[in-house]
Amino acid sequence: MSQDPEHEPVVYNLGATMILPPDKRQVFEQAARQIGRNAAELLEEWLPGYTVEANDLIEVEPGGSAVENTDEFDRTGLVGRHGPSGVLLVELPLALTFITGLLGGAALPCGDPKPLTAVETRVLDLITGPLVNSAAETLLAGSITLDRVANSGFLASSDQTASFGFDFTINGPAGGGRLVLQLDTQAMQELSDLIDRRLSRDRQPGQSQISPAAVHALEYVPMQIGVGFGPIQLPAAHIADLRPGDVIRTGQAVGAQPSAFVGQVRLFEGTLGKIENRLVLEIGQIDDHARRQQAEETMSQAPTQYEMKALRSANPEPIQLDDLLAAPLS
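Residues numbered from 1 in each chain as written. Predicted model: local features only at pLDDT ≥ 70, side-chain atom pairs only at ≥ 80, totals over all residues. Heavy atoms only, no water.

*Asks:* Honestly, the overall build of the chain in this entry has me stumped. Any pointers?
*Replies:* Within the chain one finds nine helices and 12 strands. A sequence separation of at least 24 residues applies to 69% of the contacts in the chain between residues at least 6 apart. Of the roughly 19500 Å² of accessible surface on the chain, a fraction of 53% belongs to carbon and sulfur atoms. (Helix = DSSP H or I, 4+ residues; strand = E, 2+ residues; numbered from the N terminus. Contact = heavy atoms within 4.5 Å. Areas by Shrake-Rupley, 256 points an atom, 1.4 Å probe, with all protein chains shown as cover.)

So, in structure tokens, the structure goes:
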């Protein structure tokens, strides 16, 4: 029998956010500043005297570009582990300063900058390649390579997905300009997921959040959590008579929100979701009283050197990129 579409359970894709919330955006901005510092160090090895300034992060809608006039930029496709992942945009005056510097020249061509020749692009890639690799490492994006024929592939995929522009102003002794690294959301999914896991741990309502010290005390205490709709009472005779193919009525409506339990204590309610092909429970409503009580009971199982008062904090510290990357949460 077909099910009424209006009453089918909804499964949400939890990794499909398009707009960065403020707390996640500040981590991406930290990443942009780190990329800028790394770029300055790399340029110092190749072309001493250059400065790198990180500009505001650019959120790009599907099908959009991080720069207004792409004709004023040299474009290089970027290919990651999932295929075309973005584009590197180097303002032509900056590209020419890089090229002339690498070739040992001191003077730039007169007049308006023109598209680069094939030889010039090969020279430019010598310095932009390491810059992209360094940025990809900071963003946990895996290996990203330059591919000047991959622009069309990225443009086709960007019509469906949002992207982010990491925008930098680079100046040197002979001039400068903008360098923009535009990456789609899929390329940065690992960093985004890592931030989400950290935020889900830190971001709790009101005055009820367990302090970071208490979280540290509970870090190595194993706890079994069951996800479901709560216990169901059945006559013992019914259970003894169950056979394959029999049906147990849960009493729950289709699409009801499942809960997470420790023993018989309900701690969370949420929404059924998926990440790739795995079912997950997105936390919605939290029973803070039950959670505090469970945490305090579990504290007695922690090693004695971690014993402490269960202090509460309403204002968790902002996430720091260095701490996030140094100890990724599993």
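*Asks:* What am I meant to see in the side chain of Ser163 here?
*Replies:* Along the chain, Ser163 turns up in strand E7 (residues 163-172). Polar contacts involving the side chain of Ser163 include one to the side chain of Gln182, which spans 3.0 Å. Contact partners of Ser163, with chain neighbours within four places excluded, come to Ile58, Glu59, Val60, Gln182, Leu183, Asp184 and Thr185. (Polar contact = N/O pair within 3.5 Å; in protein donor to acceptor, adjacent residues only side chain to side chain.)

*Asks:* Would you explain the packing of aromatic side chains in this entry?
*Replies:* A ring pair, where both rings are aromatic, is described by two values, the distance of the centres and the angle of the planes. One pass over the structure, following the stated rule, counts two aromatic pairs. An angle of 35° between the planes, with centres 5.8 Å apart, marks the rings of Phe28 and Phe164 as tilted. Linking Phe28 in helix H1 (residues 22-46) with Phe164 in strand E7, this pair joins segments that are 136 residues apart in sequence. Considered together, Phe28 and Phe164 belong to a single accessibility category, that of buried residues. (Phe/Tyr/Trp six-rings, centres within 6.5 Å; stacked < 30°, edge-to-face > 60°. Buried < 20%, exposed > 50% of the residue type's maximum accessible area, 1.4 Å probe, protein only.)

*Asks:* Help me understand helix H2 (residues 92-102), please; the structure alone is not making it clear to me.
*Replies:* One turn of the α-helix equals 3.6 residues, which is why residues spaced by three or four share an orientation. Counting buried positions along H2 gives eight out of 11 residues, so the element sits mostly inside the fold. Along H2, the positions that sit buried rather than exposed are Leu92, Leu94, Ala95, Leu96, Thr97, Phe98, Ile99 and Thr100. Looking at the buried residues of H2, the elements they touch are H1, strand E4 (73-80), strand E5 (83-91), helix H3 (118-138), E7 and strand E8 (175-184).

*Asks:* I tried to follow the environment of Ala174 on my own but got confused; where do I start?
*Replies:* Along the chain, the position of Ala174 falls in the loop between E7 and E8. Of the residues examined, Ala174 reaches a relative accessible area of 38% and is grouped as partly exposed. Along the primary structure Ala174 and Tyr50 are separated by 124 residues, whereas in three dimensions their C-alpha atoms are 9.5 Å apart.

*Asks:* Hey, could you run me through the pairing of E5 in this one?
*Replies:* Working note: regular strand, side chains alternate between the two faces of the sheet. The buried fraction of E5 amounts to eight of the nine residues, a majority that puts the element mostly inside the structure. Here eight bridges tie E4 to E5, and the two strands are oriented antiparallel to one another. Across the sheet, residue Gly80 finds its bridge partner in E5, namely Gly83. (Pairing = 2+ DSSP bridges.)

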